[in-house]
Amino acid sequence: MNPKPHLTPLWAKCLHLLPPETAHQLAITLLSVPSLVPLFAKTSPNPHHFLNPSSYLPPSLSLISRPIGLAAGFDKNAEAIRGLSLLGFGFLEAGTVTCLPQKGNPKPRLFRIPNHKALINRMGFNNKGMEIFSQNVSSLPHSLPLGINIGINKNTPSPLEDIKKLIENLGKYAHYLVLNVSSPNTPGLRKFQEPDALKPLLNTAVNARNSLEKKIPILVKISPDLSDEEIIALVACACSSHVDGFIATNTTLSRNLNPPHPLAAQQGGLSGNPLLPLANHVLKVLASHVKTHYSHLPLVIIGTGGIMSGQDVYTKIRLGAHLVQIYSSLVYYGPTLIQSLEDELVSLLKRDGFNHIKDAIGVDL
Ligand SMILES: Cc1cc2nc3c(=O)[nH]c(=O)nc-3n(C[C@H](O)[C@H](O)[C@H](O)COP(=O)(O)O)c2cc1C
């Protein structure tokens, strides 16, 4: 099957005349006024029953009626969640939010590499902090499936205290929480992927979550730069701490750009098309290990990294993802991409004789 080529809409081309971060801020401003959204994006029709993931997700995620979500980092302060919810996403992940407001790294810190459909960012958890975030999410209808992605402040004296406060303050607004221990732009953060440092962080997070009124899943977001052995050690540590799932993956420090590009020399995490093989490898190692050793646990796996087409979504589902997320492709193709990804996914499932997305999860493991 030849997938339809996705065309960059005219307004997205205009946005790309602006510096990347200015364009992003403009998009957030427009999306923060939901009544404006129908003027520049076709709001999405009803979900396809083939793709409804609610039957295989834990109760707190059963509101999710379509499998493609928005990845973290697009709406760091949860300013545009209502507008974003009109675009056809099944769920939205806001953040990364930290306890205290944080400026992030000096600008420029976001770069487009259009011929690779890639981005490099070293934003550094720029966000307005937990208080403003909390005001923004407190007025959202609870029927909107929302993940909250949390992280530690760059200079925090106590990472565990940060995580505890974030969960105590924001947990009640979330359908799931994500511990971001994989951003490459906060010095020392990735060491929390090693069991010795990860274990106390997860125990703190799970205890704080257990004190909430409702039990929501906690997922760990992992890096695509881990070795297979590191992934397996992380999964074992997370499962022994009663974590509920994983997001694979964050951006990569590697530069798999062929042909090479001068912007590859920029520091930061690479996302978009060149990330796909690496993110898929990590997803496969993670999901195989979960299938072999932890199939008795109801773990949720979200696949993200490099999705540009319905085939890419399908590949991640076949590699064990229950849900997927996108970010970079939204920047290049605009929100109409979401519906085309779904349509292509339905065709691919039908072509291969599946009656429901759940039957395709993990068949390539
Ligand atoms: C500009 C930018 C900012 C991001 N910020 C965050 C973040 O704050 N927290 C996080 O967990 N991931 C962040 N990410 C990573 C994305 O959530 C996603 O994991 C990654 O981009 C791979 O998906 P993609 O190839 O579809 O973009 C960011 C990505 C980009 C491009």
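These numbers were taken from a predicted model, which means no experiment stands behind them. (Residues numbered from 1 in each chain as written. Predicted model: local features only at pLDDT ≥ 70, side-chain atom pairs only at ≥ 80, totals over all residues. Heavy atoms only, no water.)

Draft legend 1. Structural detail: helix α6 (residues 159-170). Taking 1.5 Å per residue as the helical rise, α6 with its 12 residues ought to reach 16 Å, and the 16 Å between its terminal C-alpha atoms agrees with that figure. For α6, the set of buried residues is Pro159, Asp162, Ile163, Leu166, Ile167 and Leu170. Projection of α6 onto a plane perpendicular to its axis shows the buried side chains occupying an angular sector of 125°, all on one side. Buried residues along α6 sit against β2 (91-97), α5 (129-138), β5 (146-150), β6 (176-180), α7 (195-210) and β7 (218-222). (Helix = DSSP H or I, 4+ residues; strand = E, 2+ residues; numbered from the N terminus. Expected span 1.5 Å × (residues − 1). Buried < 20%, exposed > 50% of the residue type's maximum accessible area, 1.4 Å probe, protein only. Arc of directions from axis to C-beta. Contact = heavy atoms within 4.5 Å.)

Draft legend 2. Inspection of the environment of Asn52 at higher detail. Turning to its location among the elements, Asn52 is positioned in the loop between α3 (37-40) and β1 (68-70). What makes Asn52 partly exposed here is its relative accessible area of 25%. Along the backbone, Asn52 and Lys199 are 147 residues apart, and their C-alpha atoms lie at a distance of 34 Å. Ignoring any residue separated from it by four or fewer positions in sequence, one finds Asn52 in contact with Ile64, Ser65 and His356.

Draft legend 3. Summary view of helix α9 (residues 276-293). If you check α9, its first and last C-alpha atoms are 26 Å apart, about what 18 residues at 1.5 Å a residue would give, namely 26 Å. Where α9 is concerned, the buried positions are Leu276, Ala279, Asn280, Val282, Leu283, Val285, Leu286, Ala287, His289 and Val290. Looking at the buried residues of α9, the elements they touch are β7, α8 (228-240), β8 (245-248), β9 (269-272), β10 (300-304) and α10 (310-318).

Draft legend 4. Geometry of the sheet that holds strand β4 (residues 118-121). Read from one edge of the open sheet, 3 strands run β3-β4-β9, paired in antiparallel fashion. Of all strands in the sheet, those with a lone pairing partner are β3 (110-113) and β9, marking the two edges. Adjacent strand axes in the sheet meet at a mean angle of 20°, parallel and antiparallel pairs treated alike. In terms of strand pairing, β3 meets β4 through 4 bridges, oriented antiparallel. Its bridge partner being in β4, Phe111 is matched across the sheet by Ile120. (Pairing = 2+ DSSP bridges. Axes fitted to C-alpha atoms, helices over the stretch in contact; angles between N-to-C directions.)

Draft legend 5. Geometry of the side chain of Thr304. Inspection of the secondary structure assignment puts Thr304 in strand β10. On the basis of relative accessibility, which here comes to 6%, the residue Thr304 falls in the buried class. Residue contacts for Thr304: discarding those within four places in its chain leaves Ala71, Ile247, Ala248, Thr249, Ala279, Lys316, Gln325 and Ile326.

Draft legend 6. Representation of the nonpolar core. Ranked by internal contacts, the top residues of the largest apolar core, which has 106 residues, are Ile148, Ile167, Phe246, Ile326 and Leu349. Once residues lying within four places of it in the same chain are set aside, the contact partners of Leu349 are Phe50, Leu51, Tyr314, Phe354, Ile357 and Ala360. In terms of nonpolar packing, the next biggest core, distinct from the first, is built from 7 residues, Ile113, Ala118, Leu257 and Leu270 among them. (Core = buried A, V, L, I, M, F, W, Y, C linked by side-chain atoms within 4.5 Å.)

Draft legend 7. Spotlight on the pairing of β5. Burial runs high along β5: 5 of the 5 residues are buried. On β5, burial covers both faces: Leu146, Ile148 and Ile150 on one face and Gly147 and Asn149 on the other are all buried. The pairing of β2 with β5 spans 5 bridges and is parallel. By the bridge assignment for β5, Val97 is matched with Ile150.

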